[in-house]
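Chain by chain, the residues:
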Amino acid sequence: MVSQTETTHPSDALLLATIHAEPVDELAAVRAHARECAQCTARQRSLADDDAMTGALLGELDDPPRTADQPRFVRRSSRRWVRRGLRVGGAAATLAVAAAALVVPASPLHRLVSRGIDAPSPNSIPAAVPAAAPAAASGIAVPASRSLVVVFRHEQSQGAVDITRTGTGDITFRSHGGNAAYQVAADQVSIDNSFPADAYQIDIPRGVQQVRILVGTRVLLRWPEDSAHRVGTSQPGPLHIPLAAGITNAP
Amino acid sequence: MRLPVTASRRNGPGARAARFEADLEQLFQQRFTGLYRYLHRLSGDGALAEDLAQDAFTRLFERGEMPDEPMAWLITVATNLLRDDRRRSSRRLRLMATADESVGRSARLPEPDASVVRAERQHQVREALERLSPRDRQVLLLRHSGFSYREIAVALAMPETSVGTTILRAGVAFRASYQELHGEPD
């Protein structure tokens, strides 16, 4: 007979899936269990550390950070994509669609083609990349403790972070657009924004009493010192902080 | 029964094409860098990775409609393009080897301005990656390039329930290989 006190711990794969914020069926149950079970909390931290180490090693294979010219990179890619599309496609239908796109200003293809034709000078200010839809969010969840340090590795010329205080649960990070990668260490999450996202969303339980958010070495937010900016208060809605500037309150 | 003119316009071929283009542009903006990052890490060649990622999107554009799992579709197409490119390159190198054996090696030399330390670290990571099975390597690289378990499962035709355990196993094997070859990472 199974004892009432006998506990079934979630598998490592399941714990890792929660760290990766995968929508597994057992997510709520696993998180609830991990909060109560010191053994699983420790295991989850260890898995997160290992996963971060793997991510850091694989990150060595990437190009040097290209944050500054990333928008140009995207635009150049768009341009080449359309050009190739026209060349490789070759079919009259493709040409007709593209030709129509050129004369229909509202068409997305028109915008891509226009970007190709109206290539900016190297000194021009990059156009804003269209906002990403929430459906493409990627992210992680990490167990909450009393303090948290979040470091964006690189400056971003655009994009913002929205911070929401939640009741309980894990600290969750989500990014929309771009391709941010996360590294987790004890009480610290480093966000590799070499391929910057348009928006970052961080949900922080109220139990986390001290928070620092940095962009490189620049301090973007300090809790509780910045409480004058309604951080940590009970006002509804997320705190919206443009990454390029300092703290500004959401309208 | 004839549809009202407005409804037929809304659902007609023109509207469908416009929706497809809008979806495609959004997908491109959101996911191009992820696909590029995966291909770059897999191939070790940034220019090739950029070309292949763009070719994959071009093929989706030519397809004219979204597959059920667009990212899985793009991963599969891009990976096949990479495989074809490697096959062509290897045949080309074999043919050229008799004429000039240095050609193959020179293609792998680091850029003149690349840091020697950086090139060495990349070599170390790649060496550890090479020890993994192709499937484990792909799963690990896809996950760490931002793809979801579902996208990985569909792209590699494996059960979604196996993705987590594969990531775990591949991660352990990768770190162990790295440590065995080069010691603890910094």
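Since the model is a prediction, treat every value here as computed from it, not as a measurement.

**Brief notes about the packing of helix α1 (residues 12-19) of chain A against helix α2 (residues 27-36) of chain A**
Residues and elements named next belong to chain A. α2 packs onto α1 with a crossing angle of 100° between their chain directions and a minimal axis gap of 10 Å. Taken together, the axis directions place α1 and α2 in an arrangement best described as roughly perpendicular. Taking contact as the criterion, the partners of Leu14, Leu15 and Thr18 in α1 are, on α2, Leu27, Val30 and Arg31. Grouping the constituent residues of the contact of α1 with α2 by class yields 4 nonpolar, 1 polar and 1 charged.

**Description of the sheet that holds strand β7 (residues 199-205) of chain A**
All names here are of chain A. Pairing in this open sheet of 5 strands is mixed, and the strands run β1-β4-β7-β3-β10 from one edge to the other. A strand with exactly one partner marks an edge of an open sheet, and here the two such strands are β1 (138-142) and β10 (239-242). Within the sheet, the average angular offset between the axes of one strand and its neighbour, ignoring direction, is 15°. Sheet topology places strand β3 (residues 160-166) next to β7; 7 bridges connect them, and they run parallel. Each bridged residue has a counterpart across the sheet, and for threonine 164 the counterpart in β7 is aspartate 203.

**Quick notes on the packing of aromatic side chains**
Residues and elements named next belong to chain B. By the definition in use, this model includes 4 aromatic pairs over all chains. Ring centres of phenylalanine 28 and phenylalanine 32 lie 4.9 Å apart, and the angle between their planes is 40°; this geometry places the pair in the tilted category. Taken together, the residues phenylalanine 28 and phenylalanine 32, both in helix α2 (residues 13-43) and 4 residues apart, mark about one turn of the helix. Between phenylalanine 32 and phenylalanine 57, the ring centres sit 6.0 Å apart and the planes meet at 45°, which makes this aromatic pair tilted.

**Details of the pattern of salt bridges**
Residues and elements named next belong to chain A. Per the counting criterion, the structure on display carries 15 salt bridges over all chains. Across the pair arginine 153 and aspartate 192 runs a salt bridge, and its minimum N-O distance is 3.8 Å. Note that arginine 153 is positioned in the loop between β2 (147-152) and β3 and aspartate 192 in strand β6 (residues 188-192), a separation of 39 residues in sequence. On the basis of relative accessibility, which here comes to 34%, the residue arginine 153 falls in the partly exposed class.

**Focus on the packing of helix α3 (residues 38-59) of chain A against helix α9 (residues 160-182) of chain B**
Angle between the axes and distance between the axes are the two parameters that describe a pair of packed helices. Running from N to C, α3 of chain A and α9 of chain B point in directions that differ by 65°, and their axes come no closer than 10 Å. Handedness of the crossing formed by α3 of chain A with α9 of chain B: left-handed. On α9 of chain B, the residues touching Leu47, Asp50, Asp51, Met53, Thr54, Leu57 and Leu58 of chain A of α3 of chain A are Leu168, Gly171, Phe174, Arg175, Tyr178 and Gln179 of chain B. A breakdown of the residues in the contact of α3 of chain A with α9 of chain B according to their chemical character gives 7 nonpolar, 3 polar and 3 charged.

**Examining the pairing of β2 of chain A**
Residue and element names in this part refer to chain A. Pairing geometry for β2 and strand β8 (residues 210-215), over 6 bridges, is parallel. In the sheet register, phenylalanine 152 faces β8, and the bridge partner there is valine 215. Where β2 lies against β6, 4 bridges are found, and the strand directions are parallel. Opposite valine 149, over in β6, you have glutamine 188 as the bridge partner.

Parameters and conventions
- Each chain carries its own residue numbering, running from 1 in the direction its sequence is written.
- Chains and ligands are labelled by the order in which they are written, letters from A for the one and numbers from 1 for the other.
- The model is predicted, so local features are restricted to residues of pLDDT at least 70 and side-chain atom pairs to those at 80 or more, both for listing and for counting; the totals for chains, interfaces and linings are taken over all residues.
- Water and hydrogen atoms play no part in the side-chain values, which are based on all heavy atoms of the structure.
- Fitted lines through C-alpha atoms serve as axes, helices being fitted only where they are in contact, and the angles separating the N-to-C directions of these axes extend from 0 to 180 degrees.
- Counting from the N terminus, the helices are DSSP H or I runs at least four residues long and the strands are E runs at least two residues long.
- Orientation categories follow fixed angle ranges, with anything under 35 degrees roughly parallel, anything over 145 roughly antiparallel, 65 to 115 roughly perpendicular, and all other angles oblique.
- Whether two residues are in contact is decided by their heavy atoms: any pair within 4.5 Å suffices.
- Each residue is assigned to one class: nonpolar for Ala, Val, Leu, Ile, Met, Phe, Trp, Tyr, Cys and Pro, charged for Asp, Glu, Lys and Arg, and polar for all the others, Gly among them.
- Note on pairing: DSSP must find at least two bridges between two strands before they are called paired.
- Any two rings among Phe, Tyr and Trp, with Trp reduced to its six-membered ring, count as a pair given centres within 6.5 Å; such a pair is stacked if its planes are under 30 degrees apart, edge-to-face if over 60, and tilted if neither.
- Any Lys or Arg side-chain nitrogen located within 4 Å of an Asp or Glu carboxyl oxygen qualifies as a salt bridge.
- A simple rule labels every residue: compare its accessible area, found with a 1.4 Å probe on the protein chains alone, to the largest value its type can have, and call it buried under 20%, exposed over 50%, or partly exposed in between.
- Here a crossing is taken to be left-handed if its near helix is turned anticlockwise relative to the far helix by less than a right angle, and right-handed if that turn runs clockwise.

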